[in-house]
Amino acid sequence: MTRIQQIHWELDMDYLGHPYYVSGNAIYHALGMQLEHDVHRHINASHGMFVPGQFGTFPEEHSQSGIRPYMGSSLPDVESYDDLFLFRCPDNPWLLDTRPRDGLNAHDIRFQSGMPALAHETIMGRPDDARKQQQTTRWYVNAYLHADNPDVLPLGEDSVAASPPRNRWSVNADHPLDGHQFGGKRNYGYGTTTLIDTQVVDLESLDYSRLEDGEEFILELVTPFVLRSEYPKANNVDVPWWWSVDDEAQLRKRLEKVIEGGDVYELETVDHGVVVGYDGDRPVETAMSGLTRVGNHSKYGFGELRVKPVIPDGTNIKKQIEKPKSEH
């Protein structure tokens, strides 16, 4: 049995850190402040994606349907493989068209002591005839853990009240996933979070019928894939053989960093959001491997992949690999 533990944190204060996500490295080291070493060493942490606490509608491929109030503020049930990615897309495609999509897809920046920080809430004005003159959106961080030792998960099982069959728990003050801080200036209170929701998902019990029924597939990089690393004992790698890539030089690259204590190590990565073809013949197994991540530094959130079946009309496949873009 392969299990992951989903986590949904609410940001209580502005976050000074990576502009696209809370790195798995940051989450891993934050957990190390509260976990016993024998538990912590088995943990593997995903990147944490920023999610607005807004109204939304389930995507067509999701096992559930309909509109939900404040969908982004809690974890929905997971029944199928595609359900896992509801909050793993930076553009938040589940947001209602009636909501300020453009504004919420560009995280609000506030300067703290001259440093740019992602705001823990976004305040927007509303029309003069609206009942309220402004709307406040709270921000959340969505992440998940898996473990080398399956007996390690779920974290916090002994300190919370179980609520079967969903493997979801109410949170108390002693929960090891509660009260973490991420990013810079933590000693000034920045990057504080509150655990809102957590649940365990058995990957082997999910519905993979969309993949089982598909004939052609594409791979989407949910997080960057590390090719070269300055980190000690990290081997340089090529793109996997099961990626359909004509020329690796055409893949969009990005420099990332891993911080260990006071040392900073640069990583050369294939950028998140890049889409490539799939040359393998085991899409379900690849999908599960992509959730537990592949390649260098997968323990710290890098190398998360999503497998998507190609729609017959080709609307969800890019005909050419994206050309390199300048850093933004």
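Presented here is an overview of the structure given in this document.

**Brief notes about the nonpolar core**
Then comes step 1: Residues Trp9, Ile27, Ile43, Phe50, Leu145 and Leu155 are the most contacted members of the largest nonpolar core, which totals 42 residues.
Then comes step 2: Those elements giving two or more residues to this core turn out to be strand S1 (3-11), helix H1 (24-31), strand S3 (43-45), strand S4 (48-52), strand S10 (134-147) and strand S18 (263-270).
Then comes step 3: For this core, the element with the highest residue contribution is S10, accounting for six residues.
Then comes step 4: In this structure, Leu221, Val270, Leu291 and Leu305 belong to the second largest nonpolar core, which totals 35 residues.

**Observations concerning the side chain of His146**
Then comes step 1: With respect to the helices and strands, the residue His146 is situated in strand S10.
Then comes step 2: A relative accessible area of 10% places His146 in the buried class.
Then comes step 3: Of the polar contacts made by the side chain of His146, one reaches the backbone oxygen of Thr292; its length is 3.5 Å.
Then comes step 4: Not counting chain neighbours up to four residues away, the residues in contact with His146 comprise Arg3, Ile4, His42, Ile43, Asn44, Leu153, Thr292 and Arg293.

**Let's talk about the pattern of salt bridges**
Then comes step 1: Tallying each qualifying case throughout the model produces 15 salt bridges.
Then comes step 2: Across the salt bridge formed by Glu10 and Arg138, the nearest N and O atoms sit 2.8 Å from each other. One end of the pair, Glu10, is in strand S1; the other, Arg138, is in strand S10, and 128 residues separate them in sequence.
Then comes step 3: With a relative accessible area of 24%, Arg138 lands in the partly exposed category.
Then comes step 4: Where salt bridges share partners, they join Glu10, Asp12, Glu121 and Arg138 into one cluster.

**A closer look at the sheet that holds strand S16 (residues 243-244)**
Then comes step 1: Taken in spatial order, the four strands of this open sheet run S16-S19-S14-S20, and their pairing is antiparallel. Unpaired on one side and paired on the other, S16 and strand S20 (305-309) mark the two borders of the sheet.
Then comes step 2: Alignment of strand S14 (residues 217-221) against strand S19 (residues 275-278), held across three bridges, turns out to be antiparallel. Following the sheet pairing, Glu220 is matched in S19 by Val275.
Then comes step 3: Helix H5 (residues 283-292) contacts S14, S19 and S20 of the sheet and is inclined by roughly 150° relative to S20.

**Quick notes on the sheet that holds strand S17 (residues 253-260)**
Then comes step 1: Spatially, three strands are ordered S15-S18-S17 in an open sheet, and the strand pairing comes out antiparallel. The outermost strands of the open sheet, each flanked by one partner alone, are strand S15 (225-229) and S17. This sheet shows a mean twist of 40° between the axes of neighbouring strands, independent of strand direction.
Then comes step 2: As paired strands, S17 and S18 are joined by eight bridges and run antiparallel to one another. Along S18, the bridge assignment pairs Glu256 with Leu267.

What counts, and where the lines are drawn
- Residues numbered from 1 in each chain as written.
- Predicted model: local features only at pLDDT ≥ 70, side-chain atom pairs only at ≥ 80, totals over all residues.
- Heavy atoms only, no water.
- Core = buried A, V, L, I, M, F, W, Y, C linked by side-chain atoms within 4.5 Å.
- Buried < 20%, exposed > 50% of the residue type's maximum accessible area, 1.4 Å probe, protein only.
- Helix = DSSP H or I, 4+ residues; strand = E, 2+ residues; numbered from the N terminus.
- Polar contact = N/O pair within 3.5 Å; in protein donor to acceptor, adjacent residues only side chain to side chain.
- Contact = heavy atoms within 4.5 Å.
- Salt bridge = Lys/Arg side-chain N within 4 Å of Asp/Glu carboxyl O.
- Pairing = 2+ DSSP bridges.
- Axes fitted to C-alpha atoms, helices over the stretch in contact; angles between N-to-C directions.

Purely geometric stuff here, so don't read any function into it on its own.
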